[in-house]
Amino acid sequence: MSYKYELHCHTGAVSRCASITPERAVELYREKGYDGLVVTDHYSCQTFLDRHILAPQKETEFFLEGYRRALKAAGDDFTVLLGMELRFYGNGNDYLVYGVTPEFLYENRNLMAVYPRRFHELCKQNNMIFVQAHPFRPYIFRTNPKYLDGCEVYNAKNKNSGINEKAEKWAEENNMLVRVGGSDFHRESQADNISGIITEERIKTNDDLVRILKSGEFEIIR
């Protein structure tokens with residue numbers, strides 16, 4: 001038996017650029033035959049523009065809203081995990097982070113001011129995965145691979161641009177351990193162009209997700 005999971009999903013509850021409610025996101029992915037999703041709302045200046053932009057840790061409850069509402073809507077038969085799409089101060093690079101817990105957000109200060117080298121260390125200390133999202137979009141700079149666990153090699157929004165192929169090649173050239181795919185989902189109009197991964201093992205916890213992503217034992221939905 002196989003299972004399908006979305007790894008790049010935003011909600012309108014937190015991400016300014018998204019319009020879908022957390023509840024509808026869960027409902028839609030369930031309708032599409034998925035078994036779960038990771039809520040990766042933006043942790044960026046855009047998100048905290050009028051909410052403690054220099055101290056987003058004071059808005060942790062706000063940042064968790066999309067995840068918590070999706071989790072409540074999911075019930076027992078659909079997995080919802082917490083992630084983030086992190087952007088540090090000063091550039092347009094985005095990073096997907098998996099294995100995030102509310103406790104990690106409560107215990108750490110402004111993550112936008114940490115930057116890749118130190119953040120990668122934090123991820124190793126907390127059993128999290130740190131990958132660069134859509135690394136070949138315009139105005140994006142590739143991060144030194146030694147400060148990453150991997151990259152997003154398939155982004156459904158980029159499927160006809162050649163960008164995904166460049167990301168796949170970059171990951172291969174740098175022997176990246178983790179190579180993920182996702183939809184970069186923001187609104188219901190994207191419902192016919194979604195991605196994620198297929199696994200032979202059910203993912204129920206962060207530990208399950210991190211272990212499976214590191215093992216490479218999954219197929220990207222293209």
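Further up the page is the structure itself.
Residues numbered from 1 in each chain as written. Predicted model: local features only at pLDDT ≥ 70, side-chain atom pairs only at ≥ 80, totals over all residues. Heavy atoms only, no water.

**Student:** Quick question: what am I supposed to make of the overall build of the protein chain here?
**Tutor:** Counting its regular elements, the protein chain contains 7 helices and 11 strands. Taking 222 residues into account, the globule formula puts the C-alpha radius of gyration at 17 Å, and the protein chain, at 16 Å, falls close to it. Seen along its three principal axes, the alpha-carbon backbone of the protein chain occupies a region of about 45 × 40 × 30 Å. Considering the protein chain as a whole, with its 222 residues, one finds that 57% of them fall into the buried category. Look at the contacts in the protein chain between residues 6 or more apart in sequence, and 69% of them connect residues 24 or more apart. Carbon and sulfur atoms make up 48% of the accessible area of the protein chain, which amounts to about 10,000 Å² in all. (Helix = DSSP H or I, 4+ residues; strand = E, 2+ residues; numbered from the N terminus. Rg over C-alpha atoms; globule rule 2.2 N^0.38 Å. Buried < 20%, exposed > 50% of the residue type's maximum accessible area, 1.4 Å probe, protein only. Contact = heavy atoms within 4.5 Å. Areas by Shrake-Rupley, 256 points an atom, 1.4 Å probe, with all protein chains shown as cover.)

**Student:** Even after reading the chapter, I still don't get the pairing of strand β2 (residues 36–39), so can you show me in this structure?
**Tutor:** Along a regular strand, successive side chains alternate from one face of the sheet to the other. With burial as the criterion, each face of β2 is covered, one bearing Gly36 and Val38 and the other bearing Leu37 and Val39. The sheet contact formed by strand β1 (residues 3–9) and β2 spans 3 bridges and is parallel. What sits directly across from cysteine 9, in β2, is valine 39. For the segment spanning β1, helix α1 (residues 22–31) and β2, crossover handedness is right-handed. Judged from the 4 bridges that link them, β2 and strand β4 (residues 79–82) form a sheet pairing that is parallel. Within β4, the position partnered with valine 39 by the bridge is leucine 82. (Pairing = 2+ DSSP bridges. Right-handed = clockwise from strand over helix to strand, strands pointing away.)

**Student:** What is the right way to look at helix α5 (residues 116–125) in this model?
**Tutor:** For an α-helix, 3.6 residues make a turn, and residues three or four places apart therefore share a direction. Pro116, Phe119, His120, Leu122 and Cys123 are the residues of α5 that are buried. One side of α5 carries all its buried residues, which in axial view fall inside an arc of 155 degrees. Looking at α5, the residues exposed on the side facing more than 90 degrees away from the buried face are Arg117, Lys124 and Gln125. The secondary structure elements touched by the buried residues of α5 are β5 (84–86), β6 (95–98), α4 (102–107) and β7 (129–132). Once α5 finishes, asparagine 127 follows within two positions and takes phi at roughly 55 degrees, a positive value. (Arc of directions from axis to C-beta.)

**Student:** Whenever I open this one, the pairing of strand β9 (residues 178–182) confuses me. Can you help?
**Tutor:** The buried count for β9 comes to 4 of 5 residues, which makes it a mostly enclosed element. Here 5 bridges tie strand β8 (residues 150–155) to β9, and the two strands are oriented parallel to one another. The partner of cysteine 151 across the bridge, within β9, is arginine 179. As a crossover connection, the stretch from β8 through helix α6 (residues 163–173) into β9 is right-handed.

**Student:** Is there a simple way to think about the packing of aromatic side chains in this case?
**Tutor:** Two descriptors summarise a pair of aromatic rings, namely the distance from one centre to the other and the angle between the planes of the rings. Considering all chains together, one arrives at 12 aromatic pairs under this definition. Between the aromatic rings of phenylalanine 88 and phenylalanine 130, the centroid separation amounts to 6.4 Å while the plane-to-plane angle is 70 degrees, which identifies the pairing as edge-to-face. Placement of the pair is phenylalanine 88 in the loop between β5 and β6 and phenylalanine 130 in strand β7, with a sequence separation of 42 residues. The class of phenylalanine 88 is buried, set by a relative accessible area of 3%. (Phe/Tyr/Trp six-rings, centres within 6.5 Å; stacked < 30°, edge-to-face > 60°.)

**Student:** What's the story with the environment of alanine 133 in this structure? I'm lost.
**Tutor:** Looking at the element boundaries, alanine 133 is found in the loop between β7 and β8. In sequence terms alanine 133 and tyrosine 89 are 44 residues apart; their C-alpha atoms lie 16 Å from each other. Excluding anything up to four places from it in sequence, alanine 133 contacts Glu85, Asp94, Tyr95, Leu96 and Glu152.

**Student:** What is the right way to read the pattern of salt bridges from this model?
**Tutor:** Side-chain pairs of opposite charge can arise whenever the charged atoms involved come near each other. Inspection of every chain in the model, using the stated rule, returns 17 salt bridges. When the shortest N-O distance is used, the salt bridge between lysine 124 and glutamate 121 registers 3.0 Å. Pair noted here: lysine 124 and glutamate 121 are both in helix α5, with a separation of 3 residues, about one helical turn. Judged by relative accessible area, which is 51%, lysine 124 ranks as exposed. For glutamate 121, a relative accessible area of 33% gives the class partly exposed. (Salt bridge = Lys/Arg side-chain N within 4 Å of Asp/Glu carboxyl O.)

**Student:** Can you help me understand helix α7 (residues 206–215) in this one?
**Tutor:** All of the buried residues in α7 are Asn206, Asp208, Leu209, Val210, Ile212 and Leu213. With its phi angle positive at about 75 degrees, glycine 216 sits one or two positions after the end of α7.

By themselves these figures say nothing about function.
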